[in-house]
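Single-letter residue listing:
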Amino acid sequence: MSESCLIKTQVVTLRVPNELKSRLEQQAKVQGVSLNNLANYLLTTQLSQLETFAGIEQRLRTKNLSDLKQKIASLLDKVPHNPNVPEWDQL
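Computed from a predicted structure; not experimentally measured. (Residues numbered from 1 in each chain as written. Predicted model: local features only at pLDDT ≥ 70, side-chain atom pairs only at ≥ 80, totals over all residues. Heavy atoms only, no water.)

Draft legend 1. Highlighting helix α1 (residues 18-31). For α1, with 14 residues, the first-to-last C-alpha span of 20 Å sits near the 20 Å given by 1.5 Å per residue. One or two steps after α1, the chain reaches G32, where phi turns positive at roughly 75°. (Helix = DSSP H or I, 4+ residues; strand = E, 2+ residues; numbered from the N terminus. Expected span 1.5 Å × (residues − 1).)

This is the structure in structure tokens:
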């Protein structure tokens, strides 16, 4: 195995409520993965989501809300009307 394929890891001890641990163990079993793999996946996806939202919020701070609303309205005006859109999917 090449060095570039090796991922350095570190042991982290988390204190979680018993119920949460049981739920995680159950989901890991359902998914057919280890508790460690499931926890890594969930932490990675949640952290990525938080980082993405923080980046979007940072970019939006420099924008004028009225201008953004106007640009969105302009884009929506260009979307053709489709009378077959179900009521639950209409704006």
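Now that the structure is up, let's keep going.
Draft legend 2. Broad picture of helix α3 (residues 65-77). Helix length check: α3, at 13 residues, gives a terminal C-alpha distance of 18 Å against a target of 18 Å (1.5 Å per residue), a fit within 8%. Taking the backbone nitrogen of S66 as reference, a side-chain oxygen 2.8 Å away marks N64 as the first, capping residue of α3. (Polar contact = N/O pair within 3.5 Å; in protein donor to acceptor, adjacent residues only side chain to side chain.)

Draft legend 3. Layout of a nonpolar patch on the surface. A contiguous nonpolar patch, built from V12, L14, V16, L20 and L43 and spanning about 450 Å² of accessible area, is present on the exposed surface. Mapped onto the elements of the fold, L20 is located in helix α1. The exposure class assigned to L20 is partly exposed, which follows from its relative accessible area of 32%. (Patch = residues over 30% accessible without salt bridge, like charges linked within 9 Å, V, L, I, M, F, W, Y side chains within 5 Å. Areas by Shrake-Rupley, 256 points an atom, 1.4 Å probe, with all protein chains shown as cover. Salt bridge = Lys/Arg side-chain N within 4 Å of Asp/Glu carboxyl O. Buried < 20%, exposed > 50% of the residue type's maximum accessible area, 1.4 Å probe, protein only.)

Draft legend 4. Representation of the packing of α1 against helix α2 (residues 35-61) in the model. The interhelical angle for the contact between α1 and α2, taken along N-to-C directions, is 100°, at an axis separation of 9 Å. Classified by the angle their axes make, α1 and α2 are roughly perpendicular. Counted together, L24, E25, Q27 and A28 of α1 and L35, L38 and L42 of α2 form the full contact between these two elements. Residues of the contact of α1 with α2, tallied by class, amount to 5 nonpolar, 1 polar and 1 charged. (Axes fitted to C-alpha atoms, helices over the stretch in contact; angles between N-to-C directions. Parallel < 35°, antiparallel > 145°, perpendicular 65-115°, else oblique. Contact = heavy atoms within 4.5 Å. Nonpolar A, V, L, I, M, F, W, Y, C, P; charged D, E, K, R; others polar.)

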